[in-house]
Amino acid sequence: MARGLPKLLGVVGAGQMGAGIAQVAATCGLQVVLVDRAASQLERAAEGMRASLARLAAKGRLPGGADPDAVLARLQPATELEALAAADYVVEAVPEREALKADVFRALDSLAPPHAVLASNTSSISITRLAAATARPDRVVGLHFMNPVPVMGLIELVRGMQTSDETFEATQRLATHLGKTTCVSLDRPGFIVNRILMPMINEAFFALMEGVGTAHDIDTGMKLGTNQPMGPLTLADFIGLDTCLSIMRVLHDNLGDDKYRPCPLLIQYVDAGWLGKKSGRGVYSYSS
C-alpha cells in the first residue's frame, strides 16, 4: 500500500460511525472487512447500509452511479479481529473510551501486517497515547469522520507525535479517494471540530438547565439566528449524549479549565439512559 490505496480496508466497530465508514469505503470501490464482536450489530449495520444506499441511489448521490448491490458485495462482516490479518489499513471506530480503544490497538498491532496503518476515528482522544499502545507508533494516525459519514464531506486528520510522513500521506490519499475534504489538527484534546463544537452544545445544556429557554426555543434561536442546519440540542441527540459527555470529560480532564466542565443536566440525561435518538429519548423523544 506504500504508494497507493489499501487492497483491503478493515473497520473495527459496526456502530453508526463504523458502518458509515465501511459503506463509504465500499462505495468508492475498496474491499472492506467490518468487524464487530456482536453478530446482531453486524446485522443491524447491514440493514442500515442497505437502506442508506437505496436512499442515496434514489437521489442520484452515489459516486459514479455505483450499484448498491455491488457496494454490499464488497463488504465482508466478521466477529473476530483475526479477519483483519491481511488488512493494509484499519480504522478503529469503537465507543469513545480510551482504555477500550487502546485495547483494540494492542490487539490490531499483533494481528495486522507490519506495513498496515492503524487509524482511529476518535473525536477527542490523544493519538499519541493510542499509538503508544503499539509497537508501530509511526503507523498510527487520527482519521476523524463526521456523522453521518455518507453525507458529511469532512475528515479531520490528526498526526500523533510519531506519525510518519508516509503514514500521513497514505491517509490523505485515502481521504481524497473517499471524496472527502480534509482539515489537519494538532494532537490536542478535541482536535479542531469538537474543541469548538462540544462547548457550544454543553452551554446549550446549561441554558436549558437554568431555564433561559425551552429546548425548542434554544434550538430555534441557534438554528435561525446563526444559520446552522440544526440546533445544538437536536445535534447532541443525533450525536449521542453519552458521546458528547465523553468528549467534554476529555476536554475538562486534559485541559484543566473549568469552562469545559460538563453540564450537570447532560450528566443526568446520560445517567438516565436518555442518550438521544439511538435510545429513543434524549432532550427530545423519538419513541414514535
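Figured I'd write up the structure that's included with this text.

The rules we used
Residues numbered from 1 in each chain as written. Predicted model: local features only at pLDDT ≥ 70, side-chain atom pairs only at ≥ 80, totals over all residues. Heavy atoms only, no water. Helix = DSSP H or I, 4+ residues; strand = E, 2+ residues; numbered from the N terminus. Rg over C-alpha atoms; globule rule 2.2 N^0.38 Å. Buried < 20%, exposed > 50% of the residue type's maximum accessible area, 1.4 Å probe, protein only. Contact = heavy atoms within 4.5 Å. Areas by Shrake-Rupley, 256 points an atom, 1.4 Å probe, with all protein chains shown as cover. Lys, Arg positive; Asp, Glu negative; His and termini not counted. Charge placed at Lys NZ, Arg CZ, Asp CG, Glu CD. Core = buried A, V, L, I, M, F, W, Y, C linked by side-chain atoms within 4.5 Å. Phe/Tyr/Trp six-rings, centres within 6.5 Å; stacked < 30°, edge-to-face > 60°. Disulfide = S-S within 2.5 Å. Arc of directions from axis to C-beta.

Digging into the overall build of the chain
Within the chain, the secondary structure is distributed over 11 helices and 8 strands. Over its C-alpha trace the chain gives a radius of gyration of 19 Å, about what one expects of a compact globule, namely 19 Å for 288 residues. With respect to the three principal axes, the spread of C-alpha positions in the chain is 55 × 45 × 35 Å. Within the span of the chain, comprising 288 residues, buried residues form 50% of the whole. In the chain, of all internal contacts separated by at least 6 residues, the share reaching a separation of at least 24 is 68%. Total accessible area computed for the chain in this model is approximately 13100 Å², and 55% of it derives from carbon and sulfur atoms. Here the chain carries 27 positive and 29 negative side-chain charges, and the mean point of each set is 4 Å from the other.

Some thoughts on the nonpolar core
Across soluble globular proteins, nonpolar side chains show a tendency to be buried alongside one another. With 39 residues, the main nonpolar core has Leu9, Val32, Leu34, Tyr89, Leu143, Phe145 and Leu178 as its most contacted residues. Considering every element that reaches this core, the biggest residue donor is helix α1 (residues 16-27), with 7 residues.

Quick word on the side chain of Lys101
Within the secondary structure layout, Lys101 lies in helix α4 (residues 98-111). Overall, Lys101 belongs to the buried group, its relative accessible area being 1%. Beyond its immediate chain neighbours, meaning those up to four positions away, Lys101 contacts Glu92, Val94, Pro95, Glu96, Ser120, Thr122, Ile125 and Leu130.

Things to note about the packing of aromatic side chains
Across all of its chains, the model carries 2 aromatic pairs by this definition. Measuring from centroid to centroid gives 6.0 Å for Phe205 and Tyr269, while their planes differ by 75°, and the two rings are edge-to-face. Note that Phe205 is positioned in helix α7 (residues 193-209) and Tyr269 in helix α11 (residues 264-271), a separation of 64 residues in sequence. Judged by relative accessible area, which is 0%, Phe205 ranks as buried. When its relative accessible area of 12% is taken as the criterion, Tyr269 is described as buried.

Examining the environment of Ala66
In this fold, Ala66 is placed in the loop between α2 (39-58) and α3 (68-73). As for Ala66 and Leu56, which are separated by 10 residues in sequence, their C-alpha atoms are 10.0 Å apart. Contacts of Ala66, omitting those with residues within four sequence positions, involve Thr27 and Val71.

Concerning the state of the cysteines
All chains considered together, the criterion is met by 0 disulfides. Free cysteine Cys183: the closest other cysteine sulfur is in Cys244, separated by 18 Å. In this structure Cys263 is not part of a disulfide, and its nearest cysteine sulfur, from Cys244, lies 12 Å away. With a relative accessible area of 0%, Cys263 lands in the buried category.

As for helix α8 (residues 215-225)
Of the positions making up α8, those classed as buried are Ala215, Ile218 and Asp219. Buried residues of α8 fall within an arc of 95° about the axis and therefore sit on the same side. Residues His216, Leu224 and Gly225 are exposed on α8 and point more than 90 degrees away from its buried face. Looking at the packing, one finds that the buried side of α8 touches α7 and α9 (232-239). Asn227 occupies a position one or two residues after α8 and carries a positive phi of about 60°.

These results come straight from atomic positions and should not be treated as a statement about function.
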